[in-house]
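Geometric and topological summary
The chain contents come next:
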Amino acid sequence: MKPEDAAGRSVEDLMKDLASSRDGLQSSEAQIRAQKYGPNEIAEKRVNPLFKFLSYFWGPIPWMIEAASILSAALGRWDDFAIIFVLLLMNGAVGFWQEHKADRAIELLKKRLAPKARARRDGRWQELASRDLVPGDIVRVRLGEIVPADIKLIDGDFLQVDESALTGESLPVEKKVSDVAYSGSIVRQGEMDALVYATGMDTFFGKTARLVETARTRSHFQKAVIKIGDYLIILAVVMVALVFAVSILRQESLLSTLQFALVLVVAAIPAALPAVLSVTMAVGATKLAKREAIVSKLAAIEELAGIDILCSDKTGTITQNAIKVAQVVPFPGFSERDVLLLARLSSREEDSDPIDTAIIERTDEEKVDVAGYALDSFKPFDPVSKMTEAQVKGPKGGFQAAKGAPQAILSLLKDGSIEKEVSENVEAFASKGYRALGVGQAMGGSWKYAGLIALYDPPREDSKKTIQTAQSMGVAVKMVTGDHVAIAREIAGMVGLGSEIQPASSFVDKPDPEAEEVIEQADGFAQVFPEHKFKIVELLQSKGHIVGMTGDGVNDAPALKKADAGIAVAGATDAAKSAAAIVLTSPGLSVIIDAIKESRRIFRRMNSYSIYRIAETIRVLFFITLSIVAFNFYPVTAIMIVLLALLNDFAIMSIAYDRAEYSLQPDRWRMSSVMGMALFLGLIGTVESFGLLFFGLDYLHLSKDVLQSFMYLKLSVAGHLIIFIARTRGHFWSYRPANLLIVAVLGTQVVATLIAVYGFMIPPIGWNLAAIVWVYVLIVFLIIDQIKVRYYKFFDQGLQFLEKRIGVS
């Protein structure tokens, strides 16, 4: 049904049409899928698992493996054909398993983020996932919520709806009964009941989403993967072209060369790189969820690892979002206990008012006895008089007690002699960031000012320590609050932030260069409205910072979307959750810092795997190509390359579960560092391989077949040990690997050793030669590890020198 059709028809007509189709639509998979993750992300259509598995058998890499197997059959090498065919099956199975695991992890996480809707079913209101709504449902929408479906308003006063994401109209649109509100729009004001008439891809938003669902922006992670892939593909093509050229000059069999070249390219190109990195992030996302931080976009993990500035809300994140009594100031004729008693008598526990709760907690702590007092009447807080009043009977007779705004209590007095003292104390409270509450008592109709109570929202117990931890990790925390500068400065001092708190007026109307300087130097911002948050993020990003921003309200959504890592805090509105990349389910700043630590561990795993994979490709490609070109010797056969790739796939799956240290500085993809270390390890590995090759030829005098098996075992064992070198910047023993990684690597190398020793599909070499390979590889492994540590020190010093020179210039 078209929106304009719905708008022009009566509610009764719509109800009749929709009732007949409701049962069938209840299970409509397309609609459920479309609503699954909320209006901002239309999920892909469900793919048959068998079809998805078969999809791994076409594409550039599977096609090359298939071509190699066909060539093996054409050449009559049926053992090669069998092994390559097994590799093809394993490649498909591994790819399918990895993607399935990643999809399932993200699906479970996103279920926790799925927007909710209040719908009336079976005669009662109940909360449902938005994806479960069907045409004919009656729903209630209110301030801060995302409209869950296309709806026709049927009951209530009005709604103010922000349709900017759908229509481009910047101002909210007023809706009344019989008007239509579209899925994906945000309720800015009001509350109304409505009839659902379209869901999922049939909504106005869903139809629009079809046009843009393929549009994507590349994250830093995606750009890094593409760079690495391009680099290795170019390298593989150049090496293979060189082998072909030499083979033609030597008049060798083109079919045999082509078969070998195809297998070599398959082994060299990191087809599994995107899958392994995605699985690593998906596994990390499940760990983040256990720390009460749900990831809605995988690429946000990398951005979170790289943030160097965190703009954090004060209320509820740095503070407890709970009013407490900070100080009691009695006036002449009253004691602190008198003031607390009067405030307690003019409070009601059943109202659950935050101020009443704070006073009741304080009187309980001070053990103020109210047992001898009886309440005759109670006048709740009146926004006109700005106070609460109680008529009380006590041991000494009846009296009145009141609490409220200091000026309101002052207005009850006939004598204004105490006005100066009240004003001075109120100002003193304000300078500390406290809010003042006046307390009065009347006996015989004559009011007296009993005293003032200072109220404040205290910092969370872990805030100061957490901020110190963040600063030690290279993350500058900037507090953002709508409160007065004095309140912000007082809280900042309590939690260890600086005193440079700037009001929003200090940068809003300034030129960008001047505003950037103010924002970068500030420790926090006060009197900030949600629209100012967007400006803060934008200006910090223009200075080259990776920015994290917290928020919870509807108006925070633009800033959360703009930030590199938008973080919706616990209790945030659906609109904020939809815009954020990370959604917290537990309050406090420590949750965010824990998420940053975990993100940096995930980034370290991805970085380590990238170095390993590039180094392994360089090592194998250079060694094989140079052996063929320079010495006219194939150091390994096509079958051996297939076995190397097969065992490698088993081991690398465990990298996602490896233990990793979080870095003490923000992480970013530094391709010069990744490529530099990978090239260094790859070239040393090439030299290492030639060393053993010459040893086998000149000292052991091995035959060609045995020498190839000898080198196969060396390439397999040494290649997997590179994982332990690449995973740390220090010595390989500085941070213990996960048990799963150790078992995976050692397990695959035991298999490789048994294959070489007993000659499974390759010539056997026996235990003595296998022992020589292991001893040689382990000795060189220890030497490379020592050199690596020194390389990193040299590289870091050179980088610091360049940064200083660039900074000076």
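In short, a report on the structure. A quick note: this is a predicted structure, and the numbers were derived from the prediction, not measured. (Residues numbered from 1 in each chain as written. Predicted model: local features only at pLDDT ≥ 70, side-chain atom pairs only at ≥ 80, totals over all residues. Heavy atoms only, no water.)

1. Thoughts on the sheet that holds strand S20 (residues 565-568)
Our working definition: Note on pairing: DSSP must find at least two bridges between two strands before they are called paired. Helix and strand assignments come from DSSP, with helices taken as H or I runs of at least 4 residues and strands as E runs of at least 2, each series counted from the N terminus. Axis lines are fitted to C-alpha atoms, over the contacting stretch for helices. Their N-to-C directions set the angle, which ranges from 0 to 180 degrees. For this analysis, residues touch if any pair of their heavy atoms sits within 4.5 Å.
Sheet architecture is open: 8 strands sit in the order S8-S21-S20-S19-S9-S16-S18-S17, paired in mixed fashion. Of all strands in the sheet, those bounded by a partner on one side alone are strand S8 (293-295) and strand S17 (501-503). The mean angle between the axes of side-by-side strands here comes to 20°, regardless of whether they run parallel or antiparallel. Bridging between S8 and strand S21 (residues 582-584) involves 3 bridges; their strand directions are antiparallel. Looking across to S21, one finds that Ala 293 is bridged to Leu 584. Sheet strands touched by helix H24 (residues 589-631): S8, strand S9 (309-313), strand S19 (547-551), S20 and S21. Its angle to S9, the strand with the most contacts, is close to 155°.

2. Description of the sheet that holds strand S14 (residues 435-443)
Here 6 strands make up an open sheet; going across it, the order is S10-S15-S14-S13-S12-S11 and the pairing antiparallel. At either end of the open sheet lies a strand with only one pairing partner, and these are strand S10 (324-330) and strand S11 (374-382). The average angle at which neighbouring strand axes cross in this sheet is 20°, direction not considered. Bridge analysis of strand S13 (residues 397-404) against S14 gives 5 bridges, and the strand direction is antiparallel. Looking across to S14, one finds that Gln 400 is bridged to Ala 442.

3. Observations regarding the packing of aromatic side chains
Cut-off, in case you're wondering: Working definition: a ring pair exists when centres of Phe, Tyr or Trp rings (six-membered ring for Trp) sit within 6.5 Å. Plane angles under 30 degrees give stacked, over 60 give edge-to-face, the rest tilted. Each residue is placed in one exposure class: buried if its accessible area under a 1.4 Å probe, protein chains only, is under 20% of its type's maximum, exposed if it is over 50%, and partly exposed if it falls in between. Here, a charge over a ring is recorded when the distance from Lys NZ or Arg CZ to the ring centre is within 6 Å and its angle to the ring normal is within 35 degrees.
According to the stated counting rule, one finds 16 aromatic pairs in the structure shown. A ring pair is formed by Phe 732 and Trp 733, whose centres lie 5.2 Å apart and whose planes are at 80°; its orientation type is edge-to-face. The class for Phe 732 is partly exposed, based on a relative accessible area of 25%. Arranged with centres 6.1 Å apart and planes meeting at 65°, the rings of Tyr 791 and Tyr 792 form a pair that is edge-to-face. Here a set of aromatic residues connected by ring pairs shows up, and it is made of Phe 623, Phe 631, Phe 690 and Phe 694. Over the aromatic face of Trp 125 sits the side chain of Arg 140, whose NZ or CZ is 4.3 Å from the ring centroid.

4. Remarks on a nonpolar patch on the surface
Selection criterion: For patches, a residue must show more than 30% relative accessible area and have no salt bridge; joins then use 9 Å for like charges and 5 Å for nonpolar side chains, namely Val, Leu, Ile, Met, Phe, Trp and Tyr. We get accessible surface area from the Shrake-Rupley algorithm with a probe of 1.4 Å; when it comes to residues, only the shown protein chains can shield them. Note on definitions: salt bridges are taken to be side-chain nitrogens of Lys or Arg within 4 Å of carboxyl oxygens of Asp or Glu.
Taken together, the side chains of Val 750, Leu 754, Tyr 758 and Trp 767 make up a nonpolar region of the molecular surface, amounting to roughly 440 Å² of accessible area. Among the elements that make up the nonpolar patch, the one with the highest residue count is helix H28 (residues 739-758) (3 residues).

5. Notes on the environment of Asn 425
Examined against the element boundaries, Asn 425 turns out to sit in helix H17 (residues 419-431). The buried category is assigned to Asn 425, whose relative accessible area is 17%. Note: C-alpha distance between Asn 425 and Gly 451 (26 residues apart in sequence) is 9.8 Å. Residues within four places of Asn 425 in sequence aside, it is in contact with Val 329, Phe 331 and Leu 452.

6. Observations regarding unusual backbone geometry
If you check the backbone angles, Asn 632 has positive phi at about 55° while not being a glycine. Taking relative accessible area as the criterion, Asn 632 reaches 44% and is therefore assigned partly exposed. Even without being a glycine, His 701 presents a positive backbone phi close to 50°. By relative accessible area, His 701 is classed as exposed at 61%.

7. Comments concerning the pattern of salt bridges
Two side chains bearing opposite charge may form a pair once their charged atoms approach each other closely. A complete count under the given rule lists 18 salt bridges for this structure. Residues Glu 174 and Lys 176 are paired through a salt bridge, measuring 3.7 Å at the closest nitrogen-oxygen approach. What makes Glu 174 partly exposed here is its relative accessible area of 43%. Here Lys 176 falls in the partly exposed class, since its relative accessible area comes to 45%. Put simply, Arg 362 and Glu 366 hold a salt bridge, and the shortest N to O gap is 3.3 Å. A relative accessible area of 18% places Arg 362 in the buried class.

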